[in-house]
Amino acid sequence: MSLIEVSGIDRDRIVDEHLVPDEYFCPICQYLLWKPRSCSSCQHLFCEKCIQIWIGNVNSANRCPFRCEPFEDRRCPPYVQSMLNRINIHCRNSSFGCDKVLSYNLLEQHENTECEHLTQQCFDCQKLVLVSKLNEHQQIPGLCIPYPIKCTICQNYISKSLFRDHFHQCCQMKTDQLMDQRYQDEILQTRTNDQLQPPINGMELIQNRIDTIQMYEHQRHMSRLPTTLKGVDEVRQKIAIQS
Ligand SMILES: [Zn+2]
Ligand SMILES: [Zn+2]
Ligand SMILES: [Zn+2]
Ligand SMILES: [Zn+2]
Ligand SMILES: [Zn+2]
Ligand SMILES: [Zn+2]
């Protein structure tokens, strides 16, 4: 499995991206989920490629990015797929003149075969290049400048010799970051639940009324006993005489 990936679909290419919930963006690469898979334990969704790279990495120790262990791959729920299919996306070749907007499920076919401005990712520099200009791109000096490898996780370009080490560190940092986020989310969730809960629900209200009535009756009953200091003193005197 290659660590070099064609860039995912970023928010700029999504029509009405603000309507797409965060869950539809991959926690590993941050792009829109592509061929999503889910973790059977935590239900988080990941791009198929991203989670494969993640699990294939020695450091991940077969744990999902949220530390579920062992990671069990599950297919993405149908409602997620149908939600994704409703998203409209600009063709990746817009900078070459394609102004087509396609639904999620039709995008791949358009970009790979139907687009009037077909591009291919150059193996050496990883840039998108018009297929018709690929020979020119690779032959004319200065057009193809080999780039370092792009890290799927942090999106930085890292030189090839440092890439393995970087990627392992990046996985570790990402796990820590995701766990922190999850922890923060849980705290937030707890607080929100507290606020949403009405202070007294129906049953408690009734129980409170019953308690209040019983308290009044108890007080009335108690009031038959000597309550004045004098009365109390009389009782004490009687006890003192008896003993
Ligand atoms: Zn927007
Ligand atoms: Zn991803
Ligand atoms: Zn998980
Ligand atoms: Zn196109
Ligand atoms: Zn190139
Ligand atoms: Zn990285």
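Residues numbered from 1 in each chain as written. Chains lettered and ligands numbered in written order. Predicted model: local features only at pLDDT ≥ 70, side-chain atom pairs only at ≥ 80, totals over all residues. Heavy atoms only, no water.

- By the naming in an unreviewed UniProt entry, the protein goes by RING-type domain-containing protein and is assigned to Rotaria sordida.

Observations regarding the overall build of the protein
And step 1. Summing up its helical and strand segments, the protein has 7 helices and 9 strands in all.
And step 2. For the protein, the share of sequence-separated contacts (at least 6 apart) that also reach a separation of at least 24 residues comes to 42%.
And step 3. Roughly 16600 Å² of accessible area belongs to the protein as shown, and the carbon and sulfur atoms make up 53% of that amount. (Helix = DSSP H or I, 4+ residues; strand = E, 2+ residues; numbered from the N terminus. Contact = heavy atoms within 4.5 Å. Areas by Shrake-Rupley, 256 points an atom, 1.4 Å probe, with all protein chains shown as cover.)

Structural notes on the coordination of the zinc ion (ligand 5)
And step 1. Every protein donor of the zinc ion (ligand 5) is listed here as Cys122 (SG), Cys125 (SG), His137 (NE2) and Cys144 (SG), and their distances to the metal cover 2.1 to 2.3 Å.
And step 2. Mapped onto the sequence, the donors of the zinc ion (ligand 5) take the spacing C-x2-C-x11-H-x6-C. You'll find Cys122 and Cys125 in the same group, each marked buried. (Donors = N, O, S within 2.8 Å, 3.2 Å for Na, K, Ca; no water. Buried < 20%, exposed > 50% of the residue type's maximum accessible area, 1.4 Å probe, protein only.)

Quick notes on the pairing of strand β1 (residues 36–39)
And step 1. Examined bridge by bridge, β1 and strand β2 (residues 45–47) share 3 bridges and lie antiparallel to one another. The residue of β2 that forms the bridge with Ser38 is Leu45.
And step 2. Joining the antiparallel neighbours β1 and β2 is a turn of 5 residues, in which Gln43 adopts a positive phi near 70°.
And step 3. Examined bridge by bridge, β1 and strand β3 (residues 73–75) share 3 bridges and lie antiparallel to one another. From the neighbouring strand, Cys39 faces β3, where its bridge partner is Asp73. (Pairing = 2+ DSSP bridges.)

Things to note about the coordination of the zinc ion (ligand 6)
And step 1. For the zinc ion (ligand 6), the full set of protein donor atoms is Cys151 (SG), Cys154 (SG), His166 (NE2) and Cys170 (SG), at a range of 2.0 to 2.3 Å.
And step 2. Angles of 103 to 115° at the metal separate the 4 donor atoms of the zinc ion (ligand 6), which places the site in the tetrahedral class.
And step 3. Mapped onto the polypeptide sequence, the residues donating to the zinc ion (ligand 6) form the spacing pattern C-x2-C-x11-H-x3-C.
And step 4. Residue classification places Cys151 among the buried residues on the basis of a relative accessible area of 0%.
And step 5. Taking the relative accessible area as the measure of exposure, Cys154 reaches 27% and is therefore partly exposed. (Tetrahedral: all angles 85-135°; square planar, octahedral: opposite > 155°, others 65-115°.)

Topic: the pattern of salt bridges
And step 1. With the rule as written, the count across this model stands at 7 salt bridges.
And step 2. The salt bridge partner of Lys35 is Glu108, with a shortest N-O separation of 3.1 Å. With Lys35 in the segment before β1 and Glu108 in helix α3 (residues 104–114), this pair connects stretches of sequence that are 73 residues apart.
And step 3. Linked through salt bridges whose partners overlap, the residues forming this network are Arg11, Glu17 and Asp22. (Salt bridge = Lys/Arg side-chain N within 4 Å of Asp/Glu carboxyl O.)

A closer look at the environment of Leu19
And step 1. The residue Leu19 is located in the segment before β1 in this model.
And step 2. Residues Leu19 and Ile87 lie 68 residues apart in sequence; the distance between their C-alpha atoms is 9.3 Å.

Looking at helix α1 (residues 48–56)
And step 1. When we look at burial in α1, the residues that qualify are Cys50, Ile51, Ile53 and Trp54. Down the axis, α1 shows its buried residues gathered within 160° of arc, on one side only. (Arc of directions from axis to C-beta.)

A look at the side chain of Arg13
And step 1. Considering the arrangement of structural elements, one finds Arg13 in the segment before β1.
And step 2. Here Glu111 takes part through its side chain, which lies 2.6 Å from a polar atom of the side chain of Arg13.
And step 3. Ignoring any residue separated from it by four or fewer positions in sequence, one finds Arg13 in contact with Gly8, Asn88, Ile89, His90, Cys91, Arg92, Leu107 and Glu111. (Polar contact = N/O pair within 3.5 Å; in protein donor to acceptor, adjacent residues only side chain to side chain.)

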